[in-house]
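Listed below, chain by chain, are the residues.
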Amino acid sequence: MSQRRVAITGLGLVSPFGGDLADFFARLLAGESAVRFLRTDDLPRPLNMPFVACPGFDAGTTLGRPLAGMLDRFAQLGVAAAFAAWDDAGLPRKPEIDERDNWGVTWGSALGGVLAFDKGYRDLWQNGRERLSPLSIVLGMNNAANAQISIQLGLGGISTCHSVACASSAIAIGEAFRLVRSGEAPVMLAGGSEAPQAYAVARAWEALRVMASADQASAPHCCRPFAVGRNGMVLGEGGAALVLEDWERAVARGARIHGELAGYGTTCDHHHLVRPAVAGQVRAIRSALVDARLTLADIDYVNAHGTATPEGDPVEIAALREVFGSAAAALPVSATKSMHGHLLGAAGALEAIITVLALREGAIPPTAHLDSLDPACAGVDHITAGRHSQPLRAALSSSFAFGGSNAVLAFRAVAGQP
Amino acid sequence: MDSLNLIREFLDGRMGVPPQQVVPAASLADLGVDSLLMLELVFECEDRFGVTLDKNLKSPKTVGELVALVDRLRREQG
């Protein structure tokens, strides 16, 4: 079967800056941080941590109360992002004929509906209830978002949730890409969503000692990938979705094409659960480049995984140095998690959208707060302030997960598209 | 609170169903009550009225049938 080109015809997100793509990207270009301080009233020890929330998102208003009530927040964020991407692609919510039997959805979430289970534990152990809501299972299950997206949009093909820690939605997008490219599915919706602010989950991340520490005042500036003295990541909630479509089909229906998903590489370090390895990342980057038939010289931007952990950032830069060799020094790289936080399973999808927007707009968002570069992270062109009027041809978006799973997506700009 | 008003309150809060539509003759399915929502509604009635509905009971089709069922259980078990 001949390989087809894969057009990105829809982008949708629920972000801390809202759902407007242009506004979202403009804020990132300006280096605006969405990180705030989260304080809860839990006893005996409340949560006090930097966090990125989506305060403007009201599920009942966006999805309607009947649907919102059937979903945990992670799935609410996901279904809303999926609807936004679908609308952006100019596709009707409900099919008029049975054309969608082989259209599908691949989703990514590291945690699934943890807030539903968090509420269950509180009801049982804190509130003295003897039983739980009968919806607890369908709210909490990891495939709740993709299941509801399939139902709502009438997608009769594959409907899966990839749970691969921080690479979940990058892998979901990559797997959807393969289905469209092979001709198995003419249209796929791919993305991810996460709402990790469940009490025990947040405390578990805290125990791992990879979280940035901050107070109310310093929270907006506390996530500093590649910087000297960086002290970790910031969790965030949100949802992001892309519509991937057979290129010829997209052109035939006159769809706006945001960009081309050209390649996908996924590997495993097979090394350690939480210590990343250069070799595994190198293989993933090279695999994506080969898959996309792109050369090193074609890559004008890398949206890095860049979580701001002391251990992870130098490994990622070392991998880029190894792949790009003498060209690495001029390779533009930024880690936008410094502004929108780490969405865990949804990170890959959100950063894929940012990468596509960078190519489309010819502009590169910065790594915010990178005032003083850690020498261990040197060797690439770190973007520390938004760069405008860049003629970008192709770009990579990297996601490197706990467990050693790596996923790299390669995108091409589309000439003549707004 | 009587059973009818409890059902009205639940469907309004959960689904946004206008209370004036929740009348005894109304079909629960037409109001948007599917099997999962029926489970929620049954739980709500049990919690609020301290009754227990038989797991194997035939699912009521109308608001009036559900009200009659819950009222009977309240008399028997209350």
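Note that the structure is predicted; figures quoted are calculated from it, not measured.

The subject of this paragraph is the nonpolar core. Counting residues in hydrophobic clusters, the biggest one holds 146 residues, and the most contacted among them are Leu242(A) and Leu409(A). It is helix 4 (residues 73-88) of chain A that provides the largest number of residues to this core, a total of 11 residues. A domain-level breakdown of this core finds at least three residues from each of domain 1 (6-252) and domain 2 (263-412) of chain A. Among the nonpolar cores identified, the runner-up in size contains 18 residues, and Phe10(B), Val17(B), Leu41(B) and Val51(B) belong to it.

All names here are of chain A. According to the domain assignment, chain A consists of domain 1 (6-252) and domain 2 (263-412). The centre of domain 1, based on its C-alpha atoms, is set 21 Å off from the matching centre of domain 2. Each partner contributes residues to the interface: domain 1 has 59 residues there, and domain 2 has 55 residues. For the side of domain 1 that touches domain 2, the secondary-structure elements that each account for two or more residues are strand 1 (6-14), helix 1 (21-29), helix 8 (168-182), strand 6 (187-194), strand 7 (235-236) and strand 8 (238-246). Element by element, the count of residues in the side of domain 1 that touches domain 2 is highest for helix 8, at 8 residues. Across the side of domain 1 that touches domain 2, the residue classes tally to 36 nonpolar, 17 polar and 6 charged.

Turning to the interface of chain A and chain B, a few remarks are in order. Facing the 7 residues of chain A at the interface are 8 residues of chain B. Here the residues of the side of chain A that touches chain B sort into 4 nonpolar, 2 polar and 1 charged.

Now for the packing of helix 1 (residues 3-15) of chain B against helix 3 (residues 63-77) of chain B. All names here are of chain B. Where helix 1 contacts helix 3, the two axes come as close as 9 Å, and the packing angle between them is 125 degrees. The pairing of helix 1 with helix 3 is recorded here as oblique in orientation. In this structure, helix 1 meets helix 3 at a crossing whose hand is right-handed. Contacts between helix 1 and helix 3 involve Ser3, Leu4 and Ile7 from the first element and Val63, Leu66, Val67, Val70 and Asp71 from the second. When the residues that make up the contact of helix 1 with helix 3 are grouped by side-chain class, the tally is 6 nonpolar, 1 polar and 1 charged.

Strand pairs in the sheet, formed through backbone hydrogen bonds, run parallel or antiparallel to each other. Residue and element names in this part refer to chain A. Sheet architecture is open: 11 strands sit in the order 5-4-6-8-1-9-14-13-10-11-12, paired in mixed fashion. The sheet terminates laterally at strand 5 (159-162) and strand 12 (381-382), the two strands that pair on one side only. In this sheet, strand 8 lies alongside strand 1 in antiparallel orientation, the contact comprising 8 bridges. Note on strand 8: the bridge partner recorded for leucine 11 is leucine 242. Sheet strands in contact with helix 8 are strand 1, strand 4 (104-108), strand 5, strand 6, strand 8, strand 9 (259-268), strand 13 (394-400) and strand 14 (405-412), and its direction is about 175 degrees off that of strand 6.

The rules behind each value
- Residues numbered from 1 in each chain as written.
- Chains lettered and ligands numbered in written order.
- Predicted model: local features only at pLDDT ≥ 70, side-chain atom pairs only at ≥ 80, totals over all residues.
- Core = buried A, V, L, I, M, F, W, Y, C linked by C-beta atoms within 7 Å.
- Buried ≥ 20, exposed ≤ 12 C-beta atoms within 10 Å, placed from the backbone.
- Helix = DSSP H or I, 4+ residues; strand = E, 2+ residues; numbered from the N terminus.
- Domains from an automatic or database assignment.
- Contact = placed C-beta atoms within 7 Å.
- Nonpolar A, V, L, I, M, F, W, Y, C, P; charged D, E, K, R; others polar.
- Axes fitted to C-alpha atoms, helices over the stretch in contact; angles between N-to-C directions.
- Parallel < 35°, antiparallel > 145°, perpendicular 65-115°, else oblique.
- Left-handed = near helix turned anticlockwise from the far one by under 90°.
- Pairing = 2+ DSSP bridges.

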